[in-house]
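Breakdown of the fold
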Protein chains: 2
Amino acid sequence: MKIETCTPPSPRTSIGSLNKGLGSFHHDLEPGELARLGWNLLHEDLSLPTAVLYEDSLLHNLDWMRRFIDAYGLRLAPHGKTTMAPQLFAMQLKAGAWGITLATAHQTLVAYTHGVRRVLMANQLVGKENMAIVSRLLQDPDFEFFSLVDSAALVDQLGAYFLEIGQRLCVLVELGVMGGRAGVRDDEQLNSVMDALSRWSQAIVLCGVELYEGVLDDETAIRALLKHASVITNKIAAERRFQRSPILLSGAGSAWYDIVAEEFSAARFDQAVEIVLRPGCYITHDVGAYREAQSKILERNPIAGQMRSDLLPALKIWAYVQSVPEAEKAIIGMGKRDAAFDSGLPVPALHFRPGDAAPKAVPEHWAVTKMMDQHAYMRVAAGDDLRVGDMIGFDICHPCLTFDKWRALPVLNAQYQVIDIVQTFF
Amino acid sequence: MKIETCTPPSPRTSIGSLNKGLGSFHHDLEPGELARLGWNLLHEDLSLPTAVLYEDSLLHNLDWMRRFIDAYGLRLAPHGKTTMAPQLFAMQLKAGAWGITLATAHQTLVAYTHGVRRVLMANQLVGKENMAIVSRLLQDPDFEFFSLVDSAALVDQLGAYFLEIGQRLCVLVELGVMGGRAGVRDDEQLNSVMDALSRWSQAIVLCGVELYEGVLDDETAIRALLKHASVITNKIAAERRFQRSPILLSGAGSAWYDIVAEEFSAARFDQAVEIVLRPGCYITHDVGAYREAQSKILERNPIAGQMRSDLLPALKIWAYVQSVPEAEKAIIGMGKRDAAFDSGLPVPALHFRPGDAAPKAVPEHWAVTKMMDQHAYMRVAAGDDLRVGDMIGFDICHPCLTFDKWRALPVLNAQYQVIDIVQTFF
């Protein structure tokens, strides 16, 4: 047990003064010092552009997903790659999450360092240094870790590494579909993986089955894949190949988690199965693809439909109008450096003029039409009441690719006071 | 002089152990400790994916641009927003740069904190806290700073702020074009800005003229804009409105800097003019839009054409093959979290199998066909010699949106040894 390799930094590290989007402070900010600064977004205490989290909406979303998962009696391992913010991981665990899902060895290290003790790495663990990272964390007997295998080649590489080091690595076999991402496509590939697992049974421990249905975009195909996964799970179980009870069975990104919940909770398993869902975007939600997916979930899923509330967008980018050079065009100090742009551009939501009492909703016709690295073009109408120095609050599309643009995100209360700063570790 | 507000961290800060793409170390890494670790990319000492800089190519590119600028007798203020890496700023200044161009007050703070003492903020300075950042830096009499104005509204806001605080802010008037980004479009807007400058002459100091020709994509239109800028410069000079001699005249992104050099150096000015060019991407170059633009520069510009060498791609992403689930598809552990994808996907360049002597060029038909947050699909041919655990080195398109995905980039020598780590501050 050489856990000293994994301890720095402390769970709540100090915040350096060179992060964008904050107010000014003259030495590293320690947790607890923030209140003294008394920052308020509407008093222009922050350097815009800034990405802010709304506490009320975060808590609402955490509660919403907890209730949904509880209604099905499932486990939640939210995908942490969305935010890579250990403070948000802690909120998710406090709200009942079984563990945190991550995508890489580096992300796992970040989570472990901040106290997470159960990680589902929904990805293949490949490469010497990546295996070494996981190996070091596994020196902690309280750390539970699972990664995926979908080829004999990978099982052989993992087996050789972990056998030599005298450790056991828990894996799930990943099921895939033709045209999709990773994952075994057919029985031949599956059998090849199972044979490899037999060769390395002292080092590689098969604990369950995993899939990512999000590579498909059709409900019928997704239901078929999920049913197939249940069949495969029973088949492998009948062969007594799983070395964990209950067997882990995991699926679900942020767009189809209701279908996964329905299919897996309705399936008949011959042995005890623990079903783990992995949505990640629910914590901040968005106004793009995930809002669209969520509205379909509310329509088609009886439990979601009965919850009488929806997920709320909890992440906004605030930026200044820096020029209004044409009657119908404002230039905004926010660009591809600040917000996702790959599945919809940011959507102007609130307009605030410093000195006013409160932000107001923007006119419906305001829209971002183009983004450059550090600028956005916003279409307005001639004569609109908009000036240089006004602040615009933008909802975003695709939280994952917005979070990774920010190292420190102020958390606001309903009065726009900064009550916390969430740090990311990408 | 309260410069203590701007000192932390030291020019070469320690490197935290939670950055992706590095090898393992067990406490913050101090400059100088790196050599002891002896990391080599080809020994799998780094956790992939990683973004690496090639020292030889960086130095080549710095020299190339220095020779180009010197041939025209111009000034270079490389756009630092591309990398936001103070160590690279220092290399650019050492290679003769006049100053560093930046886009925001936050970026200016980062550069100042790391020793940069002349900043052209090629953008409007808007908002109370952003003005406060610049005001604090201006307490250092050795700090030279310029930002842009293109509206009377902004001049009034800046004037009120800096007059009250008793400081003088140096500005350039930005010229723009209809359909473009910021910048005055016509004489009426220009006169309005000039009138505002007259009102605030005690606080706002007009030092020159600026434009960004990169909003146009046609050489003829760009030449016309540049000629117009020279005319406007002479006109304002004739009215004795500039309060700096020589007058600053600045243009040029990374795609048309040769045309700007030609037009501005050929223009006749009635007063002394200092011409400042601002390309940013040349330091790492790419294999996308900037390589394309550069090849046109080599064709059309006599000085570039005579230099008998070209800019070299100096930034690569290395990632593992994590699955080959179909005969013609490999899944790579590199995604939108790791490389730009907005103007071309990463291009596979080198293939290395751990244990081999050296990387080799990839077959021409390998290509990235899709990127997800943490994965890429790479098209291969059935039967290609490619395995799980192989390493692929990708050239990138659009350095700016690749740099901002990384906080620490190893610098490699020709033997793939890690000789330095470049940190970014986004």
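Along each chain, residues carry numbers from 1 onward, in the same order as the chain's sequence is written. The order in which chains are written sets their letters, starting at A; the order in which ligands are written sets their numbers, starting at 1. Given that this is a predicted model, residues contribute local features only at a pLDDT of at least 70 and side-chain atom pairs are listed and counted only at 80 or more, while totals for whole chains, interfaces and linings are drawn from all residues. Excluded from the side-chain calculations are hydrogens and water; all other atoms, namely the structure's heavy atoms, are used.

Comments concerning the sheet that holds strand E3 (residues 100–102) of chain B
For sheets, the rule is that strands pair by backbone hydrogen bonds, running either parallel or antiparallel. Residue and element names in this part refer to chain B. Should DSSP find at least two bridges between two strands, the strands are regarded as paired. In this text, helices come from DSSP runs of H or I with a minimum length of four residues, and strands from runs of E with a minimum of two, each type numbered from the N-terminal end. The strand order across the open sheet formed by 8 strands is E2-E9-E8-E7-E6-E5-E4-E3, and the pairing between neighbours is parallel. Since the sheet does not close on itself, it has two edges, and those belong to strand E2 (75–76) and E3, each with one partner. Note that strand E6 (residues 169–175) and strand E7 (residues 204–211) share 7 bridges and pair parallel. Each residue of the ladder has a partner; that of Cys170, found in E7, is Val205. Residue contacts follow a heavy-atom distance rule, with two residues in contact if any of their heavy atoms lie within 4.5 Å. Note on geometry: axes are C-alpha line fits, over the in-contact stretch for helices, and angles between N-to-C directions span 0 to 180 degrees. Helix-sheet contacts for helix H8 (residues 219–238) involve E6, E7, strand E8 (247–251) and strand E9 (273–277), and the interaxial angle to E7 is about 160°.

What to know about unusual backbone geometry
For the bond from Leu48 of chain A to Pro49 of chain A, the omega torsion is 5°, close enough to zero to count as cis. Within the fold, Pro49 of chain A resides in the loop between helix H1 (34–37) and strand E1 (50–54). Within the chain, Arg308 of chain B stands out as a residue other than glycine whose phi angle is a positive 55°. As for its position among the elements, Arg308 of chain B is in the loop between helix H11 (302–305) and strand E10 (315–326).

Describing the sheet that holds strand E8 (residues 247–251) of chain A
Residues and elements named next belong to chain A. With respect to topology, 8 strands assemble into an open sheet ordered E2-E9-E8-E7-E6-E5-E4-E3, the strand pairing being parallel. Unpaired on one side and paired on the other, strand E2 (75–76) and strand E3 (100–102) mark the two borders of the sheet. Against the sheet, helix H8 (residues 219–238) touches strand E6 (169–175), strand E7 (204–211), E8 and strand E9 (273–277), its axis set at about 160° to E7. Contacts from helix H9 (residues 257–266) reach E7, E8 and E9 within the one sheet, and its direction differs from that of E9 by about 175°.

Remarks on the pairing of strand E16 (residues 391–395) of chain B
All names here are of chain B. Counted residue by residue, E16 has 5 buried out of 5 residues, so it is predominantly covered. To sort residues, take the accessible area from a 1.4 Å probe on protein chains only and compare it with the maximum for the residue type: under 20% means buried, over 50% means exposed, and anything in between is partly exposed. Burial along E16 is two-sided: Met391, Gly393 and Asp395 and Ile392 and Phe394, pointing in opposite directions, are all buried. Alignment of E10 against E16, held across 5 bridges, turns out to be antiparallel. Among the inter-strand pairings, Ile317 is bridged to a residue of E16, identified as Phe394. Sheet topology note: the strand E12 (residues 347–352)/E16 ladder contains 5 bridges and is antiparallel. When the bridges of E16 are listed, Phe352 appears paired with Met391.

Things to note about the confidence of the model for chain A
Residue and element names in this part refer to chain A. The pLDDT score gives, residue by residue, the confidence of the prediction method on a 0 to 100 scale. Confidence along chain A averages 95 in pLDDT terms, with 97% of residues attaining 70 or more. In the predicted structure, residues 1–11 sits below a pLDDT of 50 and forms 23 contacts with residues beyond four places in sequence or in another chain. Per the prediction output, this complex has pTM 0.96; the corresponding ipTM is 0.96.

A look at the pattern of salt bridges
Each reported salt bridge corresponds to a side-chain nitrogen of Lys or Arg within 4 Å of a carboxyl oxygen of Asp or Glu. Evaluation of the coordinates by the stated rule reveals 54 salt bridges over all chains. Where Arg241 of chain B meets Glu239 of chain B, a salt bridge forms, and the shortest distance between an N and an O atom there is 3.9 Å. For Arg241 of chain B, a relative accessible area of 24% gives the class partly exposed. When salt bridges that share partners are traced, they join Arg75, Arg118, Glu144, Arg244 and Glu274 of chain A into one network.

Quick notes on the interface of chain B and chain A
Note: interface size is frequently given as the accessible area lost on complex formation between the parts. Taken residue by residue, the interface counts 81 residues in chain B and 81 residues in chain A. Buried area is understood as the total, over both parts, of accessible area removed when two parts are fitted together, assessed with a 1.4 Å probe. Summed over both sides, the interface between chain B and chain A buries roughly 6400 Å², with carbon and sulfur atoms accounting for 50% of that surface. When residues of chain B are sorted by the area they lose upon contact with chain A, Leu18, Arg337 and Arg407 of chain B head the list and together hold 13% of the total. Where chain B packs against chain A, one counts 12 salt bridges. For Asp404 of chain B, the salt bridge goes to Lys405 of chain A, with nearest N and O atoms at 3.1 Å. Here a polar contact is taken to be a pair of N or O atoms separated by no more than 3.5 Å, where protein atoms must pair a possible hydrogen donor with a possible acceptor and residues adjacent in sequence count only if both atoms sit in side chains. Between the two partners, chain B and chain A, sit 57 residue pairs in polar contact (both at pLDDT 80 or more). Of all the secondary structure elements, the ones that give two or more residues to the side of chain B that touches chain A are helix H4 (105–113), strand E4 (118–124), helix H5 (128–137), helix H6 (152–165), E10, strand E11 (329–332) and helix H12 (400–403) of chain B. The element contributing the most residues to the side of chain B that touches chain A is E10 of chain B, with 6 residues. Looking at the side of chain B that touches chain A residue by residue, the class counts come to 31 nonpolar, 31 polar and 19 charged. In this count, Pro and Cys sit with the nonpolar residues alongside Ala, Val, Leu, Ile, Met, Phe, Trp and Tyr, while Asp, Glu, Lys and Arg are called charged and the others, Gly among them, polar.

Side note on the packing of aromatic side chains
Classification of ring pairs uses Phe, Tyr and Trp, with its six-membered ring standing for Trp, and accepts pairs whose centres are within 6.5 Å; under 30 degrees between planes counts as stacked, over 60 as edge-to-face, and the remaining range as tilted. Tallied over the full model, the rule gives 21 aromatic pairs over all chains. Pairing Tyr161 of chain B with Phe162 of chain B gives two aromatic rings, centres 5.1 Å apart and planes at 70°, and the pair type is edge-to-face. Measuring from centroid to centroid gives 6.3 Å for Trp318 of chain B and Tyr416 of chain B, while their planes differ by 85°, and the two rings are edge-to-face. Of this pair, Trp318 of chain B sits in strand E10 while Tyr416 of chain B sits in the loop between strand E17 (408–412) and strand E18 (418–423); the two residues are 98 residues apart in sequence, bridging distant segments of the chain. For the residue pair Trp318 of chain B and Tyr416 of chain B, the accessibility class agrees, reading buried in each case. Of the aromatic side chains, those joined through ring pairs into one cluster are Trp64, Phe68, Tyr72 and Tyr257 of chain A. Put simply, a charge is over a ring when the Lys NZ or the Arg CZ is close to the ring centre, within 6 Å, and near the line of the ring normal, within 35 degrees. Directly above the aromatic system of Tyr54 of chain A lies the positively charged group of Lys316 of chain A, at a separation of 5.0 Å from the ring centroid. One residue, Lys336 of chain B, lies across the ring of Phe341 of chain B, its end atom 4.9 Å from the ring centre.

Side note on the packing of H4 of chain B against H5 of chain B
Residue and element names in this part refer to chain B. Here H4 crosses H5 at 25°, and the two axes come no closer than 9 Å. Of the possible angle classes, the one that applies to H4 and H5 is roughly parallel. Considering how the two elements wind past one another, H4 and H5 form a crossing that is left-handed. Between H4 and H5, the residues in contact are Ala105, Thr108, Leu109 and Tyr112 and Asn130, Ile133, Val134 and Leu137, respectively. For the contact of H4 with H5, the per-class residue count stands at 6 nonpolar, 2 polar and no charged. Angle categories are assigned with fixed cut-offs, so that under 35 degrees is roughly parallel, over 145 is roughly antiparallel, 65 to 115 is roughly perpendicular, and the rest are oblique. The crossing is said to be left-handed when, going from far helix to near helix, the turn is anticlockwise and less than a right angle, and right-handed when the turn is clockwise.

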